[in-house]
Amino acid sequence: QVQLVESGGGLVQAGGSLRLSCAASGRTVGVRSMGWFRQAPGKEREFVAALTWSGDRLYDADSVEGRFTISRDNAKKTTYLQMNSLKPEDTAVYYCAADVGYSSDFRAPNVYDYWGQGTQVTVSS
């Protein structure tokens, strides 16, 4: 089992920045890829970013590419999502997720095996 705990969410004005953290514990040695997703009220959970088992960084091009950066500190077993130039439409609950396999469709929530509880990000205009 792998446990994931997100932190770093909060209220920020448009144009501001936040850094989300996702701390992993348990059997983390099997984790291959990490992803960030978000879910706004009344909407489906959507892909934000992933750090894949092959070392690639993927982003949702339409919404966050160029503003968000995913990274990982292996020693701390923590994955980060640096969010800059935040917009009101970025408001959502943000979730991190871990994949213990060698998946290829990193944008699909169902390939991830473990999820955190989520952290709220609210961007005011």
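Here, the structure is the one placed above.
Not measured: the values here are computed from a predicted model.

Asks: Sorry if this is basic, but what is going on with the state of the cysteines here?
Replies: By definition, a disulfide is the covalent link that joins the sulfur atoms of two cysteine residues. Counted under the stated rule, the structure contains one disulfide. Residue C22 pairs covalently with C96 via a disulfide, S to S 2.0 Å. Here C22 and C96 share a disulfide; its torsion about the S-S bond, 60°, makes the bridge right-handed. Here C96 lies in strand β9 (residues 92–99) and C22 lies in strand β3 (residues 18–26), a separation of 74 residues in the sequence. A relative accessible area of 1% means that C22 is categorised as buried. Here C96 falls in the buried class, since its relative accessible area comes to 0%.

Asks: Sorry if this is basic, but what is going on with the sheet that holds strand β7 (residues 68–73) here?
Replies: Whether parallel or antiparallel, the strands of a sheet pair through hydrogen bonds between backbone atoms. Here we have four strands laid out as an open sheet, ordered β1-β3-β8-β7, and antiparallel in their pairing. Each of the sheet's edge strands pairs with one partner strand only, and the pair in question is β1 (2–7) and β7. Sheet twist, expressed as the mean angle between neighbouring strand axes with direction ignored, is 15°. In the sheet, β3 pairs with strand β8 (residues 78–83) via six bridges, with the strands oriented antiparallel.

Asks: Looking at this structure, I do not really get the environment of Y80. What am I missing?
Replies: Its place among the elements puts Y80 in strand β8. Here Y80 falls in the buried class, since its relative accessible area comes to 11%. For Y80, the contacting residues outside a window of four places in its chain are R19, L20, S21, W36, T69, I70, S71 and D73.

Quick notes on the rules
Residues numbered from 1 in each chain as written. Predicted model: local features only at pLDDT ≥ 70, side-chain atom pairs only at ≥ 80, totals over all residues. Heavy atoms only, no water. Disulfide = S-S within 2.5 Å. Helix = DSSP H or I, 4+ residues; strand = E, 2+ residues; numbered from the N terminus. Buried < 20%, exposed > 50% of the residue type's maximum accessible area, 1.4 Å probe, protein only. Pairing = 2+ DSSP bridges. Axes fitted to C-alpha atoms, helices over the stretch in contact; angles between N-to-C directions. Contact = heavy atoms within 4.5 Å.

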